[in-house]
Amino acid sequence: VGNETVKSPGEVVISGYATMPDISKKATPDIKRPGESKLVFIDLGEGRNRLGGSALAQAFGQIGDDSPDVDNPSLLISAFDAVQRMMDDGLILACHDRSDGGLITTLVEMAIAGNCGISIQLTDKEAVIPRLFCEELGLVIECLAADEKLVHSILGKYGVPFLILGNTEREKQVIIRHGNSIALDIGTAELLSWWEATS
């Protein structure tokens, strides 16, 4: 129809099947309780923000030198067990992985799917671009503010590193702060139009 070319990396998709004890216990990426919940980032990259092979690198015609990898398989297993425990306890309202596009895409997709906004605070200890766009292992979960201490306790028990990113919001605005500055402040509807434009 148009003259625009959309480029994306080649992918291998591997599907697997497993029995489930209770199919009603599932997590989808859409934020469920805007204004009442927190967003918790589980960082399985252990603070690494490698950009090699990322969508950001490709957008600038680059490949990068250092790509994400599973550097700590035991941490991945611990995180899986912790998430299963929180699922069993009904503590996870929504869950989305950090992969294609990085943490920024994960957060935006959660807000879009939940038709709501988010307010995120990143520390200024790290450069904002690698933090938001690296595609290291990790996930973001939504939990009720009232359950925050219990979530902390479970993640701590399993030795899983985490960070409270911020809050979900009823107002349809995505705000990401980096230290004392604002990295992004935009309406969810406009983000949706950007997101749809490349599909």
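Residues numbered from 1 in each chain as written. Predicted model: local features only at pLDDT ≥ 70, side-chain atom pairs only at ≥ 80, totals over all residues. Heavy atoms only, no water.

Caption draft 1: Fine view of the side chain of Arg 98. Mapped onto the elements of the fold, Arg 98 is located in the loop between strand E2 (94-97) and helix H3 (103-114). Overall, Arg 98 belongs to the buried group, its relative accessible area being 2%. A distance of 3.1 Å separates the side chain of Arg 98 from the side chain of Asp 43, its partner in a polar contact. When residues no more than four places from it in sequence are discounted, the contact partners of Arg 98 are Phe 41, Asp 43, Gly 45, Asn 49, Leu 103, Thr 106, Cys 134, Glu 135, Glu 136, Leu 137, Gly 138 and Leu 139. (Helix = DSSP H or I, 4+ residues; strand = E, 2+ residues; numbered from the N terminus. Buried < 20%, exposed > 50% of the residue type's maximum accessible area, 1.4 Å probe, protein only. Polar contact = N/O pair within 3.5 Å; in protein donor to acceptor, adjacent residues only side chain to side chain. Contact = heavy atoms within 4.5 Å.)

Caption draft 2: A look at the sheet that holds strand E5 (residues 162-169). The strand order across the open sheet built from seven strands is E2-E4-E1-E5-E3-E6-E7, with neighbouring strands paired in mixed fashion. Because the sheet does not close on itself, it has two edges, and the strands there are E2 and strand E7 (181-187). Each strand axis lies, on average, 20° off the axis of its neighbour in the sheet, ignoring direction. One ladder, built from four bridges, connects E2 with strand E4 (residues 138-144); its direction is antiparallel. Across the sheet, the residue bridging to Cys 95 is Ile 141, located in E4. Across the sheet, H3 is in contact with strand E1 (37-43), E2, strand E3 (117-122), E4, E5, strand E6 (173-178) and E7; its angle to E2 comes to roughly 145°. Most of the contacts of helix H6 (residues 188-197) go to E7, to which it runs at about 80°, and overall it touches E3, E6 and E7. (Pairing = 2+ DSSP bridges. Axes fitted to C-alpha atoms, helices over the stretch in contact; angles between N-to-C directions.)

Caption draft 3: Looking closely at the nonpolar core. Of all hydrophobic cores here, the largest spans 23 residues; its most connected members are Leu 39, Leu 107, Ile 118, Ile 120, Val 140 and Leu 165. Of the residues forming this core, the biggest block, seven residues, is contributed by H3. Within the second largest apolar cluster, 19 residues are counted, among which are Val 40, Ile 42, Ala 79 and Ile 141. (Core = buried A, V, L, I, M, F, W, Y, C linked by side-chain atoms within 4.5 Å.)

Caption draft 4: Highlighting the pairing of E5. In this sheet, E5 lies alongside E1 in antiparallel orientation, the contact comprising five bridges. By the bridge assignment, Lys 38 is partnered in E5 with Asn 167. The pairing of E3 with E5 spans four bridges and is classified as antiparallel. Counted as the bridge partner of Ser 119 is Asn 167 from E5.

Caption draft 5: Fine view of the packing of helix H2 (residues 73-88) against helix H5 (residues 148-157). Contact pair H2 / H5: the axes reach a minimum separation of 9 Å and the direction vectors enclose 150°. Along this stretch, H2 crosses H5, giving a crossing that reads as right-handed. For the pair formed by H2 and H5, the contact residues are Ala 82, Arg 85 and Met 86 on the first element and Val 151, Ile 154, Leu 155 and Lys 157 on the second. Of the residues that constitute the contact of H2 with H5, the class distribution is five nonpolar, no polar and two charged. (Left-handed = near helix turned anticlockwise from the far one by under 90°. Nonpolar A, V, L, I, M, F, W, Y, C, P; charged D, E, K, R; others polar.)

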